[in-house]
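This is what each chain is made of:
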Amino acid sequence: MDLASLVAIDVHTHAEVSSQGHSSLDDDLHDASSAYFKVEGQRKPTIEETAAYYRERNMAAVIFTVDAESATGTAPVPNEEVAETAAVNSDVLIPFASIDPFRGKAGIRQARRLVEEYGVKGFKFHPSIQGFFPDDRAVAYGLYEVIEETGAIALFHTGQTGIGAGVPGGGGIRLKYSNPLHVDDVAADFPHLRIILAHPSFPWQDEALAVATHKPGVHIDLSGWSPKYFPPQLVQYANTLLKDKVLFGSDFPVLTPDRWLADFAKLPIKDEVRPRILKGNAARLLGLTKP
């Protein structure tokens with residue numbers, strides 16, 4: 001990866017469909033999220049198509065599936081396929097994985113194998129869809145131990161989710177699991193674990209800012225929202241106390257980097273902070289540059 005030539009690093013994109021056409025969410029949830037986000041363009045690009053999309057824009061992207069099979073009954077896009085396709089497109093793609101925390105010891109073994117044999121750099125958790133509290137020791141702590149030991153990153157969805165929005169009962173998805181204060185316990189119990197709190201964490205934005213300010217290993221990505229809707233305190237902290245810990249993320253394909261960057265350009269972000277958010281902070285966190 002030629003870091004100098006990159007315009008930005010998007011730390012939050014989704015592998016929505018496998019090479020065989022399999023999706024990790026059922027059609028009802030996909031359709032509802034497309035309506036919620038007012039998706040522009042292709043809703044289910046393949047991983048190869050995502051690589052080409054980012055290559056055209058001189059950007060790199062972290063890419064992952066979401067494994068919530070215990071809760072949804074739908075198998076994820078295979079982590080191995082995500083990692084292998086990212087390896088073929090290593091000029092633009094950085095592979096993360098996702099493991100349903102209810103897979104137990106099998107999931108823990110899989111996590112280690114994905115890091116050691118497939119070069120996975122991090123793991124995506126979506127507590128609301130996966131149906132667990134991040135600080136549930138019996139469910140998830142074994143996974144965190146491996147992630148911390150191997151030097152990988154744990155990325156947690158936080159706040160409201162567009163998945164299930166508008167579906168009766170929210171598709172059974174419960175928002176309570178994604179309060180970022182549950183990740184504060186994780187950061188305290190695993191002090192060397194590098195963590196990303198994904199999204200402006202509505203309705204818990206202040207909680208996310210508090211955790212990221214208090215815990216050195218905790219970062220915030222800005223994905224899933226157009227920057228024009230960012231709450232003012234998030235912009236304030238991004239410009240000051242968290243200027244080295246806030247990361248560009250789009251949530252592609254539900255929100256395109258083109259739309260996100262156009263709106264971000266209008267925010268009152270300091271000139272010296274803007275390149276850190278767009279590339280520098282992510283490059284350092286992902287080990288693409290020296291600390």
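What you see is a predicted model, and the numbers here were worked out from it, not measured in a lab.

Explain the packing of helix α5 (residues 104–118) against helix α7 (residues 137–150) to me, using residue names and the numbers behind them.
In the contact formed by α5 and α7, the axes pass within 9 Å of each other and the chain directions differ by 15°. Comparing their axes, α7 and α5 come out roughly parallel. The two elements α5 and α7 cross, and the hand of that crossing is right-handed. When α5 is examined against α7, the residues Gly107, Ile108, Ala111, Arg112 and Val115 are found in contact with a partner set consisting of Gly142, Leu143, Val146, Glu149 and Thr150. Residue composition of the contact of α5 with α7, grouped by class: five nonpolar, three polar and two charged.

Pulling in residues and values, what's your account of the sheet that holds strand β1 (residues 8–14)?
Read across the open sheet, the three strands follow the order β1-β2-β3; overall the sheet is parallel. Edge positions in the sheet fall to β1 and β3 (93–95), since each of these pairs with one other strand and no more. The mean angle between the axes of side-by-side strands here comes to 25°, regardless of whether they run parallel or antiparallel. Two strands pair when backbone bridges link them, and strand β2 (residues 59–64) and β3 are joined in this way by three bridges, in the parallel orientation. Bridge pairing links Ile63 to Pro95 in β3.

For the nonpolar core, give the residues involved together with the corresponding values.
One recurring pattern in soluble globular proteins: nonpolar side chains tend to sit buried together. Phe123, Phe125, Tyr144, Val186 and Ile195 are the most contacted members of the largest nonpolar core, which has 64 residues in total. Among the elements that make up this core, the one with the highest residue count is α7 (seven residues). With near-sequence residues (within four places) excluded, Ile195 lies in contact with Ala154, Phe156, Val183, Val186, Ala187, Gly217, Val218 and His219. Judged by nonpolar contacts, the second largest core, of 17 residues, contains Ile94, Ala198, Ala282 and Leu286.

Any chance you could break down the pattern of salt bridges for me, citing the residues and the numbers?
Throughout the structure, instances matching the rule amount to eleven salt bridges. With a closest N to O distance of 2.8 Å, Asp91 and Arg55 form a salt bridge. Residue Asp91 is found in the loop between α4 (79–88) and β3, and its partner Arg55 is found in helix α2 (residues 47–56); the two are separated by 36 residues along the sequence. Judged by its relative accessible area of 34%, Asp91 falls in the partly exposed class. Measuring nitrogen to oxygen at the nearest pair gives 2.9 Å for the salt bridge that ties Asp258 to Arg57. You can see Asp258 sitting in helix α11 (residues 257–264) and its partner Arg57 sitting in the loop between α2 and β2, a full 201 residues away along the chain. Each of the salt bridges in this network shares a partner with another, and the network as a whole consists of Glu56, Arg57 and Asp258.

Basis of the calculations
- Residues numbered from 1 in each chain as written.
- Predicted model: local features only at pLDDT ≥ 70, side-chain atom pairs only at ≥ 80, totals over all residues.
- Heavy atoms only, no water.
- Axes fitted to C-alpha atoms, helices over the stretch in contact; angles between N-to-C directions.
- Helix = DSSP H or I, 4+ residues; strand = E, 2+ residues; numbered from the N terminus.
- Parallel < 35°, antiparallel > 145°, perpendicular 65-115°, else oblique.
- Left-handed = near helix turned anticlockwise from the far one by under 90°.
- Contact = heavy atoms within 4.5 Å.
- Nonpolar A, V, L, I, M, F, W, Y, C, P; charged D, E, K, R; others polar.
- Pairing = 2+ DSSP bridges.
- Core = buried A, V, L, I, M, F, W, Y, C linked by side-chain atoms within 4.5 Å.
- Buried < 20%, exposed > 50% of the residue type's maximum accessible area, 1.4 Å probe, protein only.
- Salt bridge = Lys/Arg side-chain N within 4 Å of Asp/Glu carboxyl O.

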